[in-house]
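Here's the letter readout for the chains.
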Amino acid sequence: MDVNGTVAEGFEPVREAFVRNFEVLRDRGAAVAVYRDGRLVVDLWAGTKDVDGTADSAPWERGTAQIVRSATKGVAAAALLLLHQRGLLDLDAPVGEYWPEFKAVGKERVLVRHVLSHRAGLPVLDRPLTPEEALDPLRGAEAVARQALVWEPGTDHGYHALTYGWLLGELVRRVTGRGVGEWIAEEIAGPVGADLWVGLPAAEAGRVGRAGRVEAPGTAGGLRSRPKRSVAEAYDDPASLTRRAFAAITPFPDQNDPAYRAAALPATNGIATAEGLARFYASLVGEVGGGPRLFTPGTLAAARAEESAGPDQVLVINTRFGLGYMLHGSASPFLDAGSFGHPGRGGSLGFADPESGIAFGYVTNGFSKTVTADARAQALVRGVRAAL
């Protein structure tokens, strides 16, 4: 395997794991980046730009980007937290204070905090959106505003796989007057110099590889390629919260469709380079290359303070969430107890570990069946741990 890029002295275990991902775990095209204390110590890429590529296909290059699915949620969460940090949004205010139409059918008690911690009680839509409807953020917001609660807000938690994006995106629009993708570009990605987008600009479309399903052997933690019977049954049951949450858009759009990539769906369709994703997380906890540190110590503490823990009503496993971020645990192992971040279904992963100064980004064009802990990403995390 021809691996390109650089690894700082001591971080060779990450390169070894990256090579093994291609040789054993069937990665097709991927990149990994690691910052430590604001310095890029791992920047590797290999394989083909397209998942179905052959030996003659375009190679993955340093600037190749890929859709990161739910790893988008960690980027989008920063938007709400920064609005709170700037005094423009109260995390303990009802969502309806900013979005009056949302108060319909008994949702007056849903707080902004509940949205970020997956406690809002709105993981499903009784009438799923079509792919065409889903590309219009106003249609998604309208659907969520009409939706009745599944549980009393704040009393339980369950992964809001798709509705999270419409909830968060409409809050950003109501508070700022800007679309969430535009806000992230202007207030997060631009200032810190991160190659990531929620709503891909036409000028960047040529950098993005074609993604697709791959069969990867095994995983480490979380939902496995051979899940427990209860998990498998939940995904197979059309009436389960699990199946309904992931079916809030039916059928799910083609993730290689330019129209899908250009839309702003902050739960699912962010696009990033590995370096861009790692740089974003590095900027949450410190300065990178003269850019701003995004989170104050208080905001950082809030982001990774446990808000939800235990049986997840949607994922049917034990999960832990802070405000917008998954926390280190059995469902999604990061580096250590203080780590916070977000995986993307099928492989991608971004997180930060403030205590060690580590920020991590992994993107791939080959999506496995995993939801919260992919074997390839976990192998790379173990490589980082071995290097410290």
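About the thresholds
Residues numbered from 1 in each chain as written. Predicted model: local features only at pLDDT ≥ 70, side-chain atom pairs only at ≥ 80, totals over all residues. Heavy atoms only, no water. Helix = DSSP H or I, 4+ residues; strand = E, 2+ residues; numbered from the N terminus. Rg over C-alpha atoms; globule rule 2.2 N^0.38 Å. Buried < 20%, exposed > 50% of the residue type's maximum accessible area, 1.4 Å probe, protein only. Contact = heavy atoms within 4.5 Å. Areas by Shrake-Rupley, 256 points an atom, 1.4 Å probe, with all protein chains shown as cover. Lys, Arg positive; Asp, Glu negative; His and termini not counted. Charge placed at Lys NZ, Arg CZ, Asp CG, Glu CD. Pairing = 2+ DSSP bridges. Salt bridge = Lys/Arg side-chain N within 4 Å of Asp/Glu carboxyl O. Axes fitted to C-alpha atoms, helices over the stretch in contact; angles between N-to-C directions. Left-handed = near helix turned anticlockwise from the far one by under 90°. Nonpolar A, V, L, I, M, F, W, Y, C, P; charged D, E, K, R; others polar. Expected span 1.5 Å × (residues − 1). Phe/Tyr/Trp six-rings, centres within 6.5 Å; stacked < 30°, edge-to-face > 60°. Lys NZ or Arg CZ within 6 Å of the ring centre and 35° of its normal. Polar contact = N/O pair within 3.5 Å; in protein donor to acceptor, adjacent residues only side chain to side chain.

### Some words on the overall build of the protein
Within the protein, the regular secondary structure consists of 13 helices and 14 strands. Its C-alpha atoms give the protein a radius of gyration of 19 Å, within 12% of the compact-globule value 21 Å for 388 residues. The principal-axis extent of the C-alpha atoms belonging to the protein is close to 55 × 45 × 40 Å. Counting only residues that meet the buried cut, the protein has 59% of its 388 residues in that class. Restricting to contacts in the protein with at least 6 residues of sequence separation, those with at least 24 account for 68%. Carbon together with sulfur atoms contributes 49% to the accessible area of the protein, which is approximately 14200 Å² in total. Distance between charge centres in the protein, computed from 41 positive and 45 negative side chains, equals 4 Å.

### A closer look at the sheet that holds strand S7 (residues 271-272)
Reading across from one edge, S4-S7-S5 is the order of the three strands in this open sheet, with antiparallel pairing throughout. Each edge of the open sheet carries a strand with a single partner, namely strand S4 (66-67) and strand S5 (196-197). Note that S5 and S7 share two bridges and pair antiparallel. Across the sheet, residue Trp197 finds its bridge partner in S7, namely Ile271.

### Describing the pairing of strand S9 (residues 318-321)
By the alternation rule, side chains of S9 split into Thr319 and Phe321, which are all buried, and Asn318 and Arg320, of which none is buried. Examined bridge by bridge, strand S8 (residues 308-311) and S9 share four bridges and lie antiparallel to one another. Within S9, the residue paired with Ser308 across the bridge is Phe321. With antiparallel pairing between neighbouring strands as the criterion, S8 and S9 make up a hairpin whose turn holds six residues, including Val316 at a positive phi of roughly 60°.

### A short note on the pattern of salt bridges
Scanning the model with the defined rule gives 22 salt bridges in all. Between Asp126 and Arg244 there is a salt bridge whose closest N-O contact spans 2.9 Å. With Asp126 in the loop between helix H3 (112-116) and helix H4 (131-134) and Arg244 in helix H9 (residues 241-246), this residue pair connects regions lying 118 residues apart in the sequence. According to the relative accessible area criterion, Asp126 is exposed, its value standing at 55%. Given a relative accessible area of 26%, Arg244 falls into the partly exposed group. The partner of Arg320 in a salt bridge is Glu306, with the nearest N and O atoms 2.8 Å apart. Note that Arg320 is positioned in strand S9 and Glu306 in the loop between helix H12 (297-303) and S8, a separation of 14 residues in sequence. With relative accessibility at 27%, the residue Arg320 sits in the partly exposed group.

### Details of the packing of helix H2 (residues 72-85) against helix H11 (residues 274-285)
Two elements in contact, H2 and H11, have axes separated by 11 Å at closest approach and are oriented at 35°. Note on packing geometry: the crossing formed by H2 with H11 is left-handed. Between H2 and H11, the residues in contact are Gly74, Val75 and Ala78 and Leu277, Phe280, Tyr281 and Leu284, respectively. When its residues are assigned to classes, the contact of H2 with H11 shows six nonpolar, one polar and no charged.

### Description of the pairing of strand S13 (residues 358-364)
In terms of residue burial, S13 counts as a mostly covered element, since seven of its seven residues are buried. The side-chain alternation of S13 yields two buried faces, one formed by Ile358, Phe360, Tyr362 and Thr364 and the other by Ala359, Gly361 and Val363. By the bridge criterion, seven bridges tie strand S2 (residues 29-36) to S13 in an arrangement that is antiparallel. In the strand pairing of S13, Val32 is matched with Tyr362.

### Considering H2
Here H2 contains 14 residues, and its C-alpha end-to-end distance of 20 Å stays within 8% of the 20 Å for a straight helix at 1.5 Å per residue. Where burial is concerned, most of H2 is hidden: 12 out of the 14 residues are buried. Residues of H2 that are buried: Thr72, Lys73, Gly74, Val75, Ala76, Ala77, Ala78, Ala79, Leu80, Leu81, Leu82 and Leu83.

### Examining the packing of aromatic side chains
On inspection of all chains with the given rule, the structure shows 12 aromatic pairs. A ring pair is formed by Trp99 and Phe102, whose centres lie 5.0 Å apart and whose planes are at 40°; its orientation type is tilted. Of the two residues, Trp99 and Phe102, both sit in the buried class. Residues Phe351 and Phe360 carry aromatic rings whose centres are separated by 5.0 Å and whose planes lie at 20° to one another, so their mutual orientation is stacked. We note Arg345 situated over the ring of Phe246; from NZ or CZ to the ring centre the distance is 4.5 Å.

### Overview of unusual backbone geometry
Backbone geometry follows two general trends: most residues other than glycine have a negative phi, and most peptide bonds adopt the trans configuration. That bond from Thr250 to Pro251 is cis: its omega, -10°, falls within 30 degrees of zero. Among the structural elements, Pro251 can be located in the loop between H9 and helix H10 (258-262). A positive phi angle is found at Arg26, which is not glycine, with a value near 65°. Within the secondary structure, Arg26 is located in the loop between helix H1 (12-23) and S2.

### A look at the environment of Arg127
Here Arg127 lies in the loop between H3 and H4. Here Arg127 falls in the partly exposed class, since its relative accessible area comes to 45%. Along the primary structure Arg127 and Arg243 are separated by 116 residues, whereas in three dimensions their C-alpha atoms are 13 Å apart. Setting aside its immediate chain neighbours within four residues, Arg127 contacts Glu133 and Arg139. At 3.2 Å, the side chain of Arg127 and the side chain of Glu133 are in polar contact.

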